[in-house]
Amino acid sequence: MERRMEWKRHISEQLKLRDRVQRHTFEEIIHQYHRLLEKSDLQTVLSERYQTDKYEVQRHEASQDPGRGEALQQEVAQMRIRHQEELTELHKKRGELAQSVIELNNQIQQKDKEIQTNEARMQEFQQQILSLEGDCRDLRTSLQDLERANQTLKDEYDALQITFSALEEKLRKTCEDNQELVSRWMAEKAQEANKLNAENEKDTRRRQAKLQKELADAAKEPLPLEGEDDIEVLAEDGGKGGGETSPSRLHGRTLRRRSANSFGSPETTDAPPGSCTEVRVPSTALHTFEAHDGEVNAVRFSPGSRLLATGGMDRRVKLWEVVAGRCEPKGALTGSNAGITSIEFDSAGSYLLAASNDFASRIWTVDDFRLRHTLTGHSGKVLSARFLLDNARIVSGSYDRTLKLWDLRSKVCMKTVFAGSSCNDIVCTEQCVMSGHFDKKVRFWDIRAESIVRELELLGRVTSLDLNHDRTELLTCSRDDLLKIIDLRTNAVRQTFSAQGFKCGADWTRVTFSPDGSYVIGGSADGALYVWNVLTGQLERTLDRNHNSAINSVSWSPSGAFVVSVEKGSRAILWSDL
């Protein structure tokens, strides 16, 4: 109501202002016009009176003097003409003033129309103002609601922040306690391992002492010899393999009988166990078996091709014996605290090296499943570990972007090299270590200089490295789904293999050469095996419909007769051409 009264008051003030301004403008003109009208009326009256008086005077004078009367008549006529002219001029001015008044009236009417238009617009604007005021009230109400909700959320956020800080502090303390518990548990595990090793050592010594006594007793007895036979005395190699003496390795001499029909030359012997006589391209799945409780990450044949080792996320390394086209379980190597990532035998097949997700590498003896060494020092997952050719040193690569060289005699880390990128796989020659990395590069390291000799960049993250039998060619696999052979003599890519459907399934997918270097084999994300011919560069064979998930690793037996593939599931498959 107050706003409506203000609006009317405002209109009244505007109209009064308009009246004052326009009245001041036209007031002087109207006043002059009225004065002219009064003068005109007065002049008419005076003229009439003057004419009457003059007529009377002329008549009186004419009656007295006729000559003078004519002169007066002429003078009166001239005066009448002048008065008539003045009257005409006054009428003309009167018409002009009347025209001005008409024009001013027209202007006033136009202004009135403009005022009406403005008043209509003002009403519209007033309605809009009222509508906008209603919207403003609604917006103010919404703003108040939002401010209250914001304040509530802010209070909740502050409470959650306090709770988060408390939980974070609790988590930190829990992590510290957990770290302390893990450290204590590791120490207790180490003590238990030392106790177990000590008991095994005592048992081994007892067995060795008993065996030596039996050999001494047997040596005292005379050995019957036939006349046509002779004895060849061979001195056993004085090396100790991996630094430990196995019960089957005895110092002394070994007797081997030779037939007299050989005319003093030894018989032709068979090829050493596990040597490659003929590579068979696999075509048939001989045996499918559950290898681990969970994902299987690594697989490797022993140098003699008789044993097979698999490593999985169940923290175990399992040994299998290949018998009559089947893999029979032989034992399990325990001691790892996380999943196994890679496996390798030493050149004699006596020791097994495994890398683990618990930041460590471990070495077991194959004969008695005994844990020999635990090598800790990395700050990330150890993704690959390899024996050097002397079997007395190993090199490990980790997710922490470092490579470490370990001496097994002193059980210490000799060198640490920062690679700049996570190391996914390693292979070694006599003085060079080759590492494949997450940043798509293959790096070549000089062991003696601890420096990069050269780098080779591929098109994808490097997942696997492997050397052929004479260590002149390097096989790589990368996440761009390509396998490449690099000639180490020219440091150039010699061949590239690909196939429709082949896809690298993980950053640790392993591929391998055949023992003679004639073929390469790799597993795909779709569970199929792909075999390429190195000589022709073409896809030789595809084996599918056996694995249910992506293949993680493949191993070709040194004898060339078998291939084993393992998957992200829990299964492993033994392949051959039988």
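Just so we're clear, the structure is a prediction, and the values are computed from it rather than from any experiment.

Cut-offs used in this document
Residues numbered from 1 in each chain as written. Predicted model: local features only at pLDDT ≥ 70, side-chain atom pairs only at ≥ 80, totals over all residues. Heavy atoms only, no water. Helix = DSSP H or I, 4+ residues; strand = E, 2+ residues; numbered from the N terminus. Buried < 20%, exposed > 50% of the residue type's maximum accessible area, 1.4 Å probe, protein only. Contact = heavy atoms within 4.5 Å. Areas by Shrake-Rupley, 256 points an atom, 1.4 Å probe, with all protein chains shown as cover. Salt bridge = Lys/Arg side-chain N within 4 Å of Asp/Glu carboxyl O. Pairing = 2+ DSSP bridges. Polar contact = N/O pair within 3.5 Å; in protein donor to acceptor, adjacent residues only side chain to side chain. Patch = residues over 30% accessible without salt bridge, like charges linked within 9 Å, V, L, I, M, F, W, Y side chains within 5 Å.

A. Up close: the overall build of the chain. When helices and strands are tallied, the chain shows 2 helices and 30 strands. The buried share of the chain, reckoned over its 578 residues, is 37%. Put simply, 47% of the contacts in the chain that link residues at least 6 apart link residues at least 24 apart. Accessible area for the chain stands at about 34900 Å²; split by element, carbon and sulfur atoms hold 51% of it.

B. A look at unusual backbone geometry. For F359, which is not a glycine, the phi torsion comes out positive at approximately 70°. A positive phi angle, near 60°, is found at K411, a position not held by glycine. Within the fold, K411 resides in the loop between β14 (402–407) and β15 (412–418). Exposure remark for K411: the relative accessible area of 48% places this residue in the partly exposed category.

C. Up close: the pattern of salt bridges. Applying the stated rule across the entire model yields 20 salt bridges. A salt bridge links E176 to R172; the shortest N-O distance between them is 2.5 Å. In this pair, E176 and R172 are both assigned in helix α2 (residues 66–220), 4 residues apart and thus about one turn of the helix distant.

D. Molecular detail of the pairing of β15. As paired elements, β14 and β15 share 6 bridges and run antiparallel to each other. What sits directly across from K404, in β15, is T416. In textbook terms, the turn of a hairpin is the stretch between consecutive antiparallel strands, and for β14 and β15 this stretch comprises 4 residues, one of which, K411, has a positive phi near 60°.

E. Quick look at the side chain of R443. The topology assignment puts R443 in strand β18 (residues 441–446). Reaching out from R443, the side chain makes a polar contact with the side chain of D439 at a distance of 2.7 Å. Of the polar contacts made by the side chain of R443, one reaches the side chain of E455; its length is 3.1 Å. Look past the residues within four positions of R443 in its chain and what remains in contact with it is A419, S421, V433, M434, S435, H437, I452, R454 and E455.

F. Region of interest: a nonpolar patch on the surface. A contiguous nonpolar surface patch, about 230 Å² in accessible area, is contributed by V182, W185 and M186. The residue V182 is located in helix α2 in this model.

These results come straight from atomic positions and should not be treated as a statement about function.
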